[in-house]
Each structure stands twice: as C-alpha cells, then as structure tokens.
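Descriptive structure summary
Listed here are the chains, written in short residue letters.
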Amino acid sequence: MTRAQLLQAARKARTQAICTYSGFAVGAALLSRDGQVITGCNIENASYGLTVCAERVALWKALSEGITRFKRIVIVTESPVPTPPCGACRQLLWEFAGDIEVLLGDLQQVRESHQLRALFPTPFGARNLR
Ligand code: THU
C-alpha cells in the first residue's frame, strides 16, 4: 500500500462525508501494521456538538473490528491549507495508535508529513494514571 494509494482511499472516503453544517468534507485512511486500510469521513448532525471527525470514525471502525496496530494515517481535504487532526483526535490517535505517521493531503497529493509525537508533544496517556 503506497502513500498515493492511501491518499486515494481517503479521497474516496471523503465523498461520503456528512458535513451538512460546515460544508467541510474530510476523508481519512488509516493503515494497519498488517496492511489493512480502514477509512472514515466526518459525520455531522443537527446538534453540531456531536460531530465526529473523519480520523475518529476510521479509528473506531478499526478498533471495533479488532484492528489495533497502526502505521500511518492520511487526512484529505480540499482546502489549500493542509488539515491537521484536531486536538481530540490527536489525543485518541496517540492513545490507540501511538507515534504513527500523519500525512496531510489534498485531492492531488500528500502535502505534509508529521510524526504524531511532533504534533502532540507532552501527551497525557495511560502511564499518567499509574
Ligand atoms: N474535521 C475532521 O473531520 N477532521 C479534522 O482533522 C478537522 C475537522 C471535521 C469536523 C467538522 O465536521 C468539520 O471538519 C469542520 O470542522
């Protein structure tokens, strides 16, 4: 699974976005360590606040299917400025996926690449509860 193929999967997922209120469609494609691709799109609803980001939809889909080890995620929007994951998604990706590679793309190509650790320094995690 190349980065370009993962971008394509995120692009396809983005077409399912339910972004009735923001009009901002996001697609995500998560690659597991064993090569599976799990996609997600953002899902908004009338309460606004119950919106779920594309990244979290992909993550919940994966975890609920027993896929628990990850390599990278691609996030795609049509925005001229790459869209990084929101704070809540950074927390959840950190807790459940660890220091994965986070690729930010548009409809054409991957524009930026980051390690999650760099996007989310000094994380709160399970070890803080010990
Ligand atoms: N959104 C995502 O799905 N992922 C991001 O990384 C940033 C924001 C969604 C949430 C909401 O549906 C819309 O984009 C505008 O914030």
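Residues numbered from 1 in each chain as written. Predicted model: local features only at pLDDT ≥ 70, side-chain atom pairs only at ≥ 80, totals over all residues. Heavy atoms only, no water.

1. With respect to the overall build of the protein chain
Put simply, the rule reads: Runs of E in the DSSP output that reach at least two residues are strands. Runs of H or I that reach at least four are helices, and both are numbered from the N terminus. Exposure classes here rest on a 1.4 Å probe applied to the protein chains alone. A residue is buried below 20% of its type maximum, exposed above 50%, and partly exposed in between. Contacts are residue-level and defined by heavy atoms, with any inter-residue pair within 4.5 Å sufficient. For the area figures, the Shrake-Rupley method with a 1.4 Å probe applies, and any residue is considered shielded solely by the protein chains shown. In this tally Asp and Glu are treated as negative and Lys and Arg as positive; neither His nor the chain ends contributes. For the purpose of locating charges, the reference atoms are NZ of Lys, CZ of Arg, CG of Asp and CD of Glu.
Assigned secondary structure in the protein chain consists of 4 helices and 5 strands. When the helices and strands of the protein chain are placed in sequence order, the string is α-β-β-α-β-α-β-β-α. Seen along its three principal axes, the alpha-carbon backbone of the protein chain occupies a region of about 40 × 35 × 30 Å. Relative to its 130 residues, the protein chain shows a buried fraction of 45%. Considering only intrachain contacts with a sequence separation of at least 6, the fraction spanning at least 24 residues in the protein chain is 58%. When the accessible area of the protein chain is evaluated, it comes to approximately 7100 Å², of which 53% is carbon and sulfur surface. Separation of charge centres in the protein chain, based on 15 positive and 10 negative side chains, amounts to 5 Å.

2. Brief notes about the side chain of Arg-56
Note the threshold: Think of a salt bridge as a Lys or Arg side-chain nitrogen and an Asp or Glu carboxyl oxygen that are within 4 Å of each other.
Mapped onto the secondary structure, Arg-56 falls in helix α2 (residues 54-64). Among buried Asp, Glu, Lys and Arg side chains, Arg-56 stands out as unpaired, with Glu-55 the closest opposite charge at 6.7 Å. Excluding residues within four positions of it along the chain, Arg-56 makes contact with Cys-86, Ala-88, Cys-89 and Leu-92.

3. A few points about the site of the ligand
Threshold: Nearness is judged by heavy atoms alone; a residue qualifies as near a molecule or strand once a single heavy atom is within 4 Å of it. As used in this structure description, the phrase polar contact means that two N or O atoms lie within 3.5 Å; if the pair is within protein, one of them must be able to donate a hydrogen and the other to accept it, and residues adjacent in sequence are counted only when both atoms belong to side chains. Classes in brief: Ala, Val, Leu, Ile, Met, Phe, Trp, Tyr, Cys and Pro nonpolar; Asp, Glu, Lys and Arg charged; the others, Gly included, polar.
Neighbouring the ligand are 13 residues, the closest being Asn-42, Glu-44, Cys-53, Ala-54 and Glu-55. A distance of 2.5 Å separates an oxygen atom of the ligand from a polar atom in the side chain of Glu-55. Out of a free accessible area of 370 Å², the ligand has 80% covered by protein chains. The residue makeup of the shell around the ligand, split by class, is 7 nonpolar, 4 polar and 2 charged.

4. Remarks on the packing of aromatic side chains
Our working definition: Any two of the Phe, Tyr and Trp rings considered here, Trp counted by its six-membered ring, make a pair once their centres fall within 6.5 Å; the pair's planes then place it as stacked at under 30 degrees, edge-to-face at over 60, or tilted in between.
Enumeration according to the criterion identifies 2 aromatic pairs in this entry. Plain terms: the ring middles of Tyr-21 and Tyr-48 are 5.0 Å apart, the flat faces sit at 35 degrees to each other, and that makes the pair tilted. Highlighted residues: Tyr-21 in the loop between α1 (3-14) and β1 (27-32) and Tyr-48 in the loop between β2 (37-41) and α2, separated in sequence by 27 residues. A relative accessible area of 55% means that Tyr-48 is categorised as exposed. Between the aromatic rings of Trp-60 and Phe-96, the centroid separation amounts to 5.8 Å while the plane-to-plane angle is 80 degrees, which identifies the pairing as edge-to-face. With a gap of 36 residues between them, Trp-60 in helix α2 and Phe-96 in helix α3 (residues 87-97) connect regions that are remote in the sequence. On the basis of relative accessibility, which here comes to 37%, the residue Phe-96 falls in the partly exposed class.

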